[in-house]
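# Report on the structure
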Amino acid sequence: EGGTIKYDVEFIDYGNTDIVEEYSIVKSKDCISGEHDIDINVFEMTQEEELDDGTTWKVNDKCVAKWREDNIWYNACITEVKMDGSNEYVVFFTDYGNEAPVGLGEIFEYGHMIPLEDDIDENVVRGDRAQPIPSEADIGKMLKEVREETAYSNNNNAATSQPDANIAD
């Protein structure tokens, strides 16, 4: 196994799943050598259909994101798409009330997309759907409270840096 990244892959044409090593996943069927068979359902994606450039993320999209300080994946919601070409986003960690910047490789739509060897928070589901999270209105309200608390804390030189620092109930 020696450090090979593995993914839990769903084969959508047949409905089955399997653990697949990263080297077995290709962007285009043109990357498959002639010694391998190609299933009849494999087709060439057009440029418009490709989703790997991150341009499909929008504000309020629900996702799972990696908190850089502990390298653990948490449920989140996109709160800002940076338009400076950096492929960075700001996410709100919905289970803990924190907000942080993340890169394109630090967000996924669903928990099953997270590499199997990565650590995930207890609230993240590795199944085919993200854990239900608060509505956009509730997220907006929580985000406003967090930003107000952060502004207050920054004024008093006392900011938290952990995503698991819960907002007081």
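The structure displayed is predicted, hence computed values, not measured ones.

### What about the overall build of the protein?
- Helix and strand content of the protein: one helix and eight strands.
- Secondary structure elements of the protein, listed N to C terminal, follow the sequence β-β-β-β-β-β-β-β-α.
- Of all 169 residues assigned to the protein, the portion counted as buried reaches 27%.
- The contacts of the protein with a sequence gap of at least 6 include a subset with a gap of at least 24, amounting to 45%.
- Surface summary for the protein: the accessible area is close to 11,200 Å², and the carbon and sulfur share equals 48%.

### What about the nonpolar core?
- Membership of the largest hydrophobic core comes to 14 residues, with the highest contact counts inside it found for Cys 63, Ala 65, Ile 78, Val 91, Phe 93 and Ile 107.
- Beyond its immediate sequence surroundings of up to four residues, Val 91 is in contact with Cys 63, Ala 65, Ala 76, Cys 77, Ile 78, Thr 79, Asn 98, Glu 99, Ala 100, Val 102 and Ile 107.
- Grouped together as the second largest cluster of nonpolar side chains are five residues, Cys 77, Phe 92, Leu 143 and Val 146 included.

### With respect to the packing of aromatic side chains
- Within this structure, the stated rule accounts for four aromatic pairs.
- Grouping aromatic residues by their ring pairs yields a cluster made of Trp 67, Tyr 74, Phe 93 and Tyr 96.

### Quick notes on unusual backbone geometry
- The backbone phi angle of Asn 60 is positive, close to 80°, even though this residue is not glycine.
- Checked against the element boundaries, Asn 60 lands in the loop between strand E2 (16–21) and strand E3 (62–67).
- On the basis of relative accessibility, which here comes to 30%, the residue Asn 60 falls in the partly exposed class.
- Phi at Asn 71 takes a positive value of approximately 55°, unusual for a residue other than glycine.
- Secondary-structure assignment places Asn 71 in the loop between E3 and strand E4 (72–81).

### Focus on the pairing of strand E6 (residues 98–103)
- Of the pairings in the sheet, the one linking strand E5 (residues 88–93) to E6 comprises six bridges and is antiparallel in character. Bridging across to E6, Glu 88 finds its partner in Gly 103.
- Between the antiparallel neighbours E5 and E6 lie four residues, among them Gly 97 with a positive phi of about 80°.

### Examining the pattern of salt bridges
- For the structure on display, the rule yields four salt bridges.
- Asp 118 is the partner of Lys 66 in a salt bridge, and the nearest nitrogen-oxygen pair spans 3.7 Å. Placement of the pair is Lys 66 in strand E3 and Asp 118 in the loop between strand E7 (107–108) and strand E8 (119–120), with a sequence separation of 52 residues. Taken as a pair, Lys 66 and Asp 118 share a single burial class, namely buried.
- The salt bridge partner of Glu 88 is Arg 68, with a shortest N-O separation of 2.7 Å.

What counts and how
Residues numbered from 1 in each chain as written. Predicted model: local features only at pLDDT ≥ 70, side-chain atom pairs only at ≥ 80, totals over all residues. Heavy atoms only, no water. Helix = DSSP H or I, 4+ residues; strand = E, 2+ residues; numbered from the N terminus. Buried < 20%, exposed > 50% of the residue type's maximum accessible area, 1.4 Å probe, protein only. Contact = heavy atoms within 4.5 Å. Areas by Shrake-Rupley, 256 points an atom, 1.4 Å probe, with all protein chains shown as cover. Core = buried A, V, L, I, M, F, W, Y, C linked by side-chain atoms within 4.5 Å. Phe/Tyr/Trp six-rings, centres within 6.5 Å; stacked < 30°, edge-to-face > 60°. Pairing = 2+ DSSP bridges. Salt bridge = Lys/Arg side-chain N within 4 Å of Asp/Glu carboxyl O.

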